Amino acid sequence: MDYFPVFAKISDRRCLVVGGGAVAERKIHMLRKAQAGVTVISPDLSPSLRELHLAGDLVWIERRFRPADISEFDLIIAATSDEAVNQEVSRVARRERRLVNVVDAPALSNFISPAIVDRTPLVVAISSSGAMPVLARRIRAWMESLLPANLGDIARRANCWRERVKARFPDLDQRRRFWDATLDRILAAGGWSDRKLQDALQQEKDAPEGRVFLVGAGPGDPDLLTLKALQVMQQADVIVHDRLVSPGILERARRDAEFINVGKTPGSHRFTQARINRLIVELASEGKVVCRLKGGDPALFARASEELAALRGAGIEVTIVPGITAASGCAAAAGIPLTDRDLAHGLTLSTAHCKDGIDCMDFESLVEANRTLAFYMPVKHLGVLQQKLISHGLSQSASCAIVENGTRDDQRILRASLGQLARTAARASVKAPAMLLVGDVVDQIPASAVDDQPPIAARSAA
Ligand SMILES: C[S@@+](CC[C@H](N)C(=O)[O-])C[C@H]1O[C@@H](n2cnc3c(N)ncnc32)[C@H](O)[C@@H]1O
């Protein structure tokens, strides 16, 4: 490690910034956030620094830097556009053993300032030791999106309870366990609650309360996870996931979480729905935070009702975290909208087969004009779907697209008329997971996005 990471109190230190332009402005902003008194030496000041000066928030010495200036200050930042001045500031400051930073010049600095994620009093500092500041900034951007905005509030309010918690749990290990469990509960609930903390303090045991999140993992591309889904995945003790949740998504979960794959593979019923229901109830009853991770949106064609009923029946708190459903993901991947002011006034999301078979489906209402139809789990039923939709009035030439593995690296998009749907899919050996989209909006799919076109003769015959 080239630098010693430290958070220094500088409210009682004398800080000098040499330079009065935009770069100096950013540094002064940070120094003032840390309540430092700031002096600026520069022949000129930017308009916003002038305002600060007029408001009495910084001292301005209106001239060029002189070596004798250094002795007055503990911490010096050189932020001029004149390299010679920056070098001189660095040389004099280091000779006098002061802390000096020259902006963007680690070789001239004996301290560097990190990129920070500010959730005061919680502050995360990231540094590449000057090797690649843009990398540190990128990590900061990731962390900004991952760390809930209210962490500062949580830390501040926890601080107010420290003495009471100490009195209740004089033993350090016991106290640490209590805070750990409390933090899990606070993060899971999304914010601080004085009442819950009070209740927890009054309880005899310090065992945490379990809870379950039904989380949508989106259609496959890890970048399509929501921030909320990521936050829950980072907190959960256990991730109970379906087969369709891709490895790239699971990699983003808390490293030391327990992972349980309850995916129902065709023909294998290692985990029946009843067993999954029991499992998540049991895990939460043990006090665990459970992320029940499902492909797409957890409340669409995902047996959510059964899991909600089991959890609520057992008195377990459950929260739904929505995700991007396959219909949206696949349409976006194919470059089309699902509705259109002229072509599609509505959208129907439908399974391609009901619990009691395809005959219980209401094809009358499905074939209404000017709608887009998005069928989930269509692969095994394409022939019947084709026949039923046509016999209920949809044209043989209605536009269809099959999006296989939408948003994933191995995505395929096929186009066909309704009359040629099953044959096109069979010829291309379409496999699940795939979505079937039917309607005029499908014609907007750019030719370059399509992986297979039916032969022209077959299309015109349809
Ligand atoms: C049991 S349903 C779950 C749907 C999920 N809850 C959602 O909102 O997308 C599974 C079906 O979703 C569709 N599906 C899920 N991910 C997909 C993807 N990446 N590409 C195409 N279809 C997908 C397929 O039709 C698959 O058979």
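Residues numbered from 1 in each chain as written. Predicted model: local features only at pLDDT ≥ 70, side-chain atom pairs only at ≥ 80, totals over all residues. Heavy atoms only, no water.

Structural notes on the domain arrangement of the protein chain
Alright, step 1. As far as domains go, the protein chain holds domain 1 (14-113), domain 2 (151-202), domain 3 (211-324) and domain 4 (333-461).
Alright, step 2. Tallying the contact residues gives seven residues for domain 3 and nine residues for domain 4.
Alright, step 3. Between domain 3 and domain 4, roughly 680 Å² of surface is buried when both sides are summed, and carbon and sulfur atoms account for 68% of that area.
Alright, step 4. For domain 3, the biggest contributors to the area lost against domain 4 are Pro219, Leu244 and Phe301; these three give 68% of the whole.
Alright, step 5. Between domain 3 and domain 4 we count zero salt bridges in total.
Alright, step 6. Connecting domain 3 to domain 4 are three residue pairs in polar contact (both at pLDDT 80 or more).
Alright, step 7. Partitioned by chemical class, the residues of the side of domain 3 that touches domain 4 number five nonpolar, one polar and one charged. (Domains from an automatic or database assignment. Contact = heavy atoms within 4.5 Å. Buried area = accessible area lost by both parts, 1.4 Å probe. Salt bridge = Lys/Arg side-chain N within 4 Å of Asp/Glu carboxyl O. Polar contact = N/O pair within 3.5 Å; in protein donor to acceptor, adjacent residues only side chain to side chain. Nonpolar A, V, L, I, M, F, W, Y, C, P; charged D, E, K, R; others polar.)

Examining the packing of aromatic side chains
Alright, step 1. Scanning the entire structure with this criterion turns up three aromatic pairs.
Alright, step 2. On the basis of an interplanar angle of 65° and a centroid distance of 5.8 Å, the ring pair of phenylalanine 178 and tryptophan 179 is categorised as edge-to-face.
Alright, step 3. Between phenylalanine 301 and tyrosine 376 the ring centres are 4.6 Å apart and the planes differ by 45°, which places this aromatic pair in the tilted class. In this pair, phenylalanine 301 sits in the loop between strand 11 (289-294) and helix 11 (304-313) while tyrosine 376 sits in strand 14 (residues 371-376), placing the two residues 75 residues apart along the sequence.
Alright, step 4. According to the relative accessible area criterion, phenylalanine 301 is partly exposed, its value standing at 36%.
Alright, step 5. Looking at tyrosine 376, the relative accessible area reads 8%, which means it is buried.
Alright, step 6. Each residue in the set Phe169, Phe178 and Trp179 is aromatic and connected to the rest through ring pairs, giving one cluster.
Alright, step 7. A cation over an aromatic ring shows up here: arginine 164 above the ring of tryptophan 161, its NZ or CZ 4.0 Å from the ring centre.
Alright, step 8. Across the ring face of phenylalanine 271, the terminal group of arginine 275 is positioned such that the distance to the ring centre comes to 4.4 Å. (Phe/Tyr/Trp six-rings, centres within 6.5 Å; stacked < 30°, edge-to-face > 60°. Helix = DSSP H or I, 4+ residues; strand = E, 2+ residues; numbered from the N terminus. Buried < 20%, exposed > 50% of the residue type's maximum accessible area, 1.4 Å probe, protein only. Lys NZ or Arg CZ within 6 Å of the ring centre and 35° of its normal.)

Here's the deal with the site of the ligand
Alright, step 1. Around the ligand, the surrounding shell holds 21 residues, and the nearest of these are Pro219, Leu300, Thr325, Met377 and Ala434.
Alright, step 2. Contact distances for the ligand include 2.8 Å between a nitrogen atom and a backbone N or O atom of glycine 406.
Alright, step 3. Interatomic distance of 3.5 Å between a side-chain N/O atom of arginine 408 and a nitrogen atom of the ligand.
Alright, step 4. Its free accessible area being 560 Å², the ligand has 90% of it covered by the protein chains.
Alright, step 5. Of all the elements in the fold, those that place two or more residues in the shell around the ligand are helix 12 (326-334) and strand 17 (434-438).
Alright, step 6. Looking at the shell around the ligand residue by residue, the classes come out as 14 nonpolar, five polar and two charged.
Alright, step 7. Each of domain 3 (211-324) and domain 4 (333-461) gives at least three residues to the shell around the ligand. (Near = heavy atom within 4 Å. Areas by Shrake-Rupley, 256 points an atom, 1.4 Å probe, with all protein chains shown as cover.)

Details of helix 12
Alright, step 1. Among the residues of helix 12, Ala326, Ala327, Gly329, Cys330, Ala331 and Ala334 are the ones counted as buried.
Alright, step 2. In this structure, the buried side of helix 12 is in contact with strand 13 (346-351), strand 14, strand 15 (399-404), strand 16 (412-417) and strand 17.
Alright, step 3. Taken from the residues just after helix 12, glycine 335 is the one with a positive phi, measuring 80°.

Thoughts on the pairing of strand 2 (residues 37-41)
Alright, step 1. Extensive coverage of strand 2 is indicated by the burial of four of its five residues.
Alright, step 2. Strand direction decides the pairing type here: strand 1 (residues 14-18) and strand 2, joined by five bridges, are parallel. For leucine 16, the partnering residue across the bridge sits in strand 2 and is threonine 39.
Alright, step 3. Taking the sense of rotation as the criterion, the β-α-β connection linking strand 1, helix 1 (residues 22-33) and strand 2 turns out right-handed.
Alright, step 4. Relative to strand 3 (residues 59-61), strand 2 runs parallel, the two being bridged by three bridges. The partner of valine 40 across the bridge, within strand 3, is tryptophan 60.
Alright, step 5. Taking the sense of rotation as the criterion, the β-α-β connection linking strand 2, helix 2 (residues 47-54) and strand 3 turns out right-handed. (Pairing = 2+ DSSP bridges. Right-handed = clockwise from strand over helix to strand, strands pointing away.)

A few points about the nonpolar core
Alright, step 1. With 24 residues, the main nonpolar core has Phe375, Leu389, Ile402 and Leu436 as its most contacted residues.
Alright, step 2. Looking at this core, the elements with two or more residues in it are helix 13 (363-366), strand 14, helix 14 (382-391), strand 15, helix 15 (421-427) and strand 17.
Alright, step 3. Isoleucine 402 has contacts with Leu382, Arg412, Ile413, Leu414, Leu421, Ala425, Val430, Ala434, Met435 and Leu436, leaving out every residue within four places of it along the chain. (Core = buried A, V, L, I, M, F, W, Y, C linked by side-chain atoms within 4.5 Å.)

Notes on the side chain of asparagine 101
Alright, step 1. With respect to the helices and strands, asparagine 101 occurs in strand 5 (residues 99-102).
Alright, step 2. With a relative accessible area of 5%, asparagine 101 lands in the buried category.
Alright, step 3. Only 2.9 Å separates the side chain of asparagine 101 from the backbone oxygen of phenylalanine 111, close enough to count as a polar contact.
Alright, step 4. When neighbours within four sequence positions are excluded, asparagine 101 is seen to be in contact with Ile76, Ile77, Ala78, Ser109, Phe111, Ile112 and Ser113.

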